[in-house]
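Residue-level structure breakdown
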Amino acid sequence: GGVEKPVRICQARNVKVIMDKGFPMHVDGEPWEQPACTIDIKLRNKALMLRRTADARGMSIVKMNDTLEWAFGNEIISSTQRDEIMAEAYRRAEKERVISMASQRSSSLGNLVGRHRRGRSGGSDGSGDFY
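Predicted model, so just to flag it, every value in this text is computed and none were measured.

Here is what the cut-offs are and how they apply
- Residues numbered from 1 in each chain as written.
- Predicted model: local features only at pLDDT ≥ 70, side-chain atom pairs only at ≥ 80, totals over all residues.
- Heavy atoms only, no water.
- Core = buried A, V, L, I, M, F, W, Y, C linked by side-chain atoms within 4.5 Å.
- Buried < 20%, exposed > 50% of the residue type's maximum accessible area, 1.4 Å probe, protein only.
- Helix = DSSP H or I, 4+ residues; strand = E, 2+ residues; numbered from the N terminus.
- Contact = heavy atoms within 4.5 Å.
- Pairing = 2+ DSSP bridges.
- Expected span 1.5 Å × (residues − 1).
- Arc of directions from axis to C-beta.
- Phe/Tyr/Trp six-rings, centres within 6.5 Å; stacked < 30°, edge-to-face > 60°.
- Lys NZ or Arg CZ within 6 Å of the ring centre and 35° of its normal.

**Notes on the nonpolar core**
Inside soluble globular proteins, nonpolar side chains tend to come together where they are buried. Grouped together as the largest cluster of nonpolar side chains are seven residues: I61, L68, A71, I77, M86, A89 and A93. Within the residue set of this core, elements represented by two or more residues are α1 (61–73) and α2 (79–118). For I77, the residues in contact, after removing those within four places along its chain, are L68, A71, F72 and R82.

Next up, the structure:
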């Protein structure tokens with residue numbers, strides 16, 4: 001149970017959630033007990049999000065989706081098989097992205113600590129300013 005395995009129900013521009021009982025909420029680090037209510041969620045200020053689309057082996061998620069759609073359209077796989085394979089491909093790509101980001105942060109932190117130990121920002125002017 002819980003949120004460790006979310007399930008995509010649908011995609012919409014407007015969603016209305018009617019809660020008959022109170023429930024725990026947590027937004028921006030602030031938890032509280034929300035009383036019974038109606039929550040209206042509406043699309044606002046649509047923004048373009050950029051994201052790497054290739055997994056660790058260089059196979060494009062977009063090409064993977066196109067291939068699965070072709071297989072489904074030609075009745076080679078079922079819609080359930082298509083959806084489960086795509087979900088697994090996204091999970092693996094996201095896992096690789098998180099590992100890559102953690103590695104980059106670790107490297108950046110090591111550089112920052114090294115500069116701090118040297119007593120300066122690492123700039124060539126020798127000013128000694130850390131910030």
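**Let's talk about unusual backbone geometry**
Backbone geometry at D28 places phi at a positive 50°, although glycine is not the residue there. One can find D28 in the loop between β2 (23–27) and β3 (30–34). Even without glycine at this site, E75 takes up a positive phi of about 55°. The topology assignment puts E75 in the loop between α1 and α2.

**Here we look at the pairing of β2**
Relative to β3, β2 is paired through five bridges, and the arrangement is antiparallel. For F23, the partnering residue across the bridge sits in β3 and is Q34. Hairpin connection between β2 and β3: a loop of two residues separates the two successive antiparallel strands, and D28 in this loop has a positive phi of roughly 50°.

**Concerning α1**
Relative to the 18 Å expected for 13 residues at 1.5 Å per residue, α1 spans 18 Å between its end C-alpha atoms, a close match to the ideal helical length. Turning to α1, its buried residues number three or more, namely I61, L68 and A71. Viewed end-on, α1 has its buried residues packed into an arc of 80°, placing them on one side of the element. Turned more than 90 degrees away from the buried face of α1 sit K63, W70 and G73, all of them exposed.

**Some thoughts on the packing of aromatic side chains**
The description of an aromatic ring pair rests on the distance of the ring centres and on the angle between the ring planes. Inspection of every chain in the model, using the stated rule, returns zero aromatic pairs. We note R82 situated over the ring of F72; from NZ or CZ to the ring centre the distance is 4.3 Å.

Any functional reading would require information beyond the geometric quantities listed.
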